[in-house]
There are 2 protein chains.
Amino acid sequence: MFKPGLAINAATTRKQWSLPEAIDGYARLGVAAIAPWRDQLHATGVDAAARALRDAGLPVSGLCRGGMFPAPTAAGRTAAVEDNRRAIQEAMKIGAPVLVLVCGGLPEGSRDIAGARAMVQDGIAAILPDAEAAGVKLAIEPLHPMYAADRNCINTLDQALDICNALDPTRATALGVIFDVYHLWWDPKIAAATERATGRIHGFHISDWTVPLADMLNDRGMMGDGAIDIAGLAKGVVKAGYSGLAEVEIFSDRWWREDPETLVQTCLQRWRNLLQMV
Amino acid sequence: MFKPGLAINAATTRKQWSLPEAIDGYARLGVAAIAPWRDQLHATGVDAAARALRDAGLPVSGLCRGGMFPAPTAAGRTAAVEDNRRAIQEAMKIGAPVLVLVCGGLPEGSRDIAGARAMVQDGIAAILPDAEAAGVKLAIEPLHPMYAADRNCINTLDQALDICNALDPTRATALGVIFDVYHLWWDPKIAAATERATGRIHGFHISDWTVPLADMLNDRGMMGDGAIDIAGLAKGVVKAGYSGLAEVEIFSDRWWREDPETLVQTCLQRWRNLLQMV
């Protein structure tokens, strides 16, 4: 069963609200938790944001994002690992239980996707002890294959689970995955992969896939407006033992033009509708 | 080993050249074969096109496209099957050895992708006897997952092979797949899937994935300009027994603005460069 309520990823309202405004707005409108992004977090200041979250009594569902491990040089890869270590510290400071990893695409000019994937696995291996020490979970978020070249070469749930199993075969650490319906809905093997993810799911992200996509990045749909069987996928993650919050993450030029309170209330209403089918 | 020469899919020059112009241009520039699309074929007339092809001595590598099987009603699905039967006849008339199947997405308003996939399998089963009778091979072309909702719910090579094995377990018919690098390059399981495709590969389509994609449909890159390890994938299909032509298929607003002779010559040169690495 899902945890009652709904988390919202602050990217959903990033064009309307700064992080302090989102913290205030989400708390006021009954959102159960917020997932900040590091750019907004840095703009606010980590300590100031932590204070604002405490003052508002708003839990944090996760921090976006670590990752971006591949780089053409060893120095570049080391710099990426160092940046991920800072992200883990920031997650700890704001009480984020999980750091979301968008793992990175091919280094500039490279055609070696297998090599990039190996760099991702090495990068996660390097930061896993830091995450454990900080008590922050790491969650690999497989991204839709249309982002394989430039954003994330981890593109299926099975592939993310293969990395989890390679780095943490006994499930001793808190390495897991984010299940985002936008990225995974098309996968013909998603039912079996979801079952395989039992105990590894650290987050369930929702939005919808509308056609035609006006933009590969910023045209995600509101739940219920598109082709994704969100309720069906939600049943699968619950069956796989997930008992956390669902989290809305909508990057959308259309929704970024909307009044933010209306947007948040629409998210809450749509999730209530969906839950009746889960 | 690839068959010497290079086929070009007529979509590559569709904004510059009608089908008769492409037949003439490709033959003159030393292209080894052409793959027409049905809209251009109908505009020319099937008999006239067949005559022009014979007169130019230009072989046909395939006909694009059949498929588009899912529909909300049984009548709609029957109409799709009938249209595919016409496509098989057209393929036979122009000497196309293979009909390329772009299988179709979700019916309007549907969220049942498993249901759409079943409709695809039923549709192919219905036309397979017609294809055999006509001596035309059917080739399922898995399309990139970004087209799952609206164009093709068959999105991985493994999934296409599962349909082949279900409908033709003994490989008695000529049901197979098109391997298009643009659609398949990201798949973490592509090496094993390619091996599994041995004897089933009816075409090898090439283009490249450049970033950022300006458009989901019409921003394919020229071979060598993007992130795809085309030579590596080509080695795999050769190892899987493919001995036909490579075929360029570039939908691109950028290349459609180019002089068509320059475009064709660029394709030929880029493939020669690639072949040195295969």
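Per chain, residues are indexed from 1 in the order of the written sequence. Chains and ligands are labelled sequentially in the order written, the chains with letters from A and the ligands with numbers from 1. The predicted origin of the model limits local features to residues at a pLDDT of at least 70 and limits the giving and counting of side-chain atom pairs to 80 or more, whereas totals for whole chains, interfaces and linings rest on all residues. In computing side-chain properties, one takes all heavy atoms of the structure into account and sets aside hydrogens as well as water.

A. Structural detail: the interface of chain A and chain B. Throughout, a contact is declared for two residues whenever any of their heavy atoms are within 4.5 Å. With 29 residues of chain A at the contact, the number on the chain B side is 29 residues. Of the roughly 2,200 Å² buried between chain A and chain B on both sides combined, carbon and sulfur atoms contribute 68%. Any carboxyl oxygen of Asp or Glu that lies within 4 Å of a side-chain nitrogen of Lys or Arg is treated as forming a salt bridge with it. Inspection of the region where chain A meets chain B yields zero salt bridges. Under this definition, polar contacts are N or O atom pairs within 3.5 Å; protein pairs additionally need one hydrogen-donor-capable and one acceptor-capable atom, and for neighbouring residues in sequence, both atoms have to be side-chain atoms. Here chain A is connected to chain B by six residue pairs in polar contact (both at pLDDT 80 or more). To qualify as a helix, a DSSP run of H or I must reach at least 4 residues; to qualify as a strand, a run of E must reach at least 2; elements of each kind are numbered from the N terminus. Mapped onto the side of chain A that touches chain B, the elements with two or more residues apiece are α5 (113–134) and α6 (157–167) of chain A. Classification used: nonpolar for Ala, Val, Leu, Ile, Met, Phe, Trp, Tyr, Cys and Pro, charged for Asp, Glu, Lys and Arg, polar for all others including Gly. Along the lines of polarity and charge, the residues of the side of chain A that touches chain B split into 15 nonpolar, seven polar and seven charged. Throughout, the accessible surface (probe 1.4 Å) given up by two parts as they are put together, summed over both, is called the buried area.

B. Layout of the relation of the copies chain A and chain B. Superposing the copies works by least squares over the C-alpha atoms of residues that have pLDDT at least 70 in both of them. Rotating chain A by 180° and moving it 0.0 Å along the rotation axis overlays it on chain B with an RMSD of 0.0 Å. The superposition of one copy onto the other is thereby described by a two-fold rotation axis. In this assembly, 100% of the residues forming the interface of chain A have copies in chain B that are likewise at the interface, indicating an isologous arrangement.

C. View of the pairing of strand β7 (residues 201–206) of chain A. Residues and elements named next belong to chain A. Among the six residues of β7, six are classified as buried, and the element is accordingly described as predominantly covered. Note that strand β6 (residues 175–180) and β7 share four bridges and pair parallel. In the strand pairing of β7, Ile178 is matched with Gly203. Sheet topology note: the β7/strand β8 (residues 246–248) ladder contains three bridges and is parallel. Each residue of the ladder has a partner; that of Ile206, found in β8, is Val248. Think of it like this: strands point away, you trace from the first strand over the helix to the second, and a clockwise trace means the crossover is right-handed. With helix α9 (residues 230–239) bridging β7 and its parallel neighbour β8, the resulting β-α-β unit is right-handed. Think of it in three bands: with a 1.4 Å probe and only protein chains considered, a residue is buried below 20% of the maximum accessible area for its type, exposed above 50%, and partly exposed in between. Here, any two strands with at least 2 DSSP bridges between them count as paired.

D. Expanded view of the sheet that holds strand β6 (residues 175–180) of chain B. Residue and element names in this part refer to chain B. With respect to topology, eight strands assemble into an open sheet ordered β2-β1-β8-β7-β6-β5-β4-β3, the strand pairing being parallel. The sheet terminates laterally at β2 (33–35) and β3 (63–67), the two strands that pair on one side only. With direction set aside, neighbouring strand axes in the sheet form an average angle of 35°. Bridging between strand β4 (residues 98–102) and strand β5 (residues 137–140) involves four bridges; their strand directions are parallel. Directly across from Val98, in β5, lies its bridge partner Lys137. In this fold helix α4 (residues 74–93) packs onto β3, β4 and β5, with an angle of close to 160° to the strand it touches most, β3. Axis definition: a line fitted to C-alpha atoms, limited for helices to the stretch in contact. Angles are taken between N-to-C directions and run from 0 to 180 degrees.

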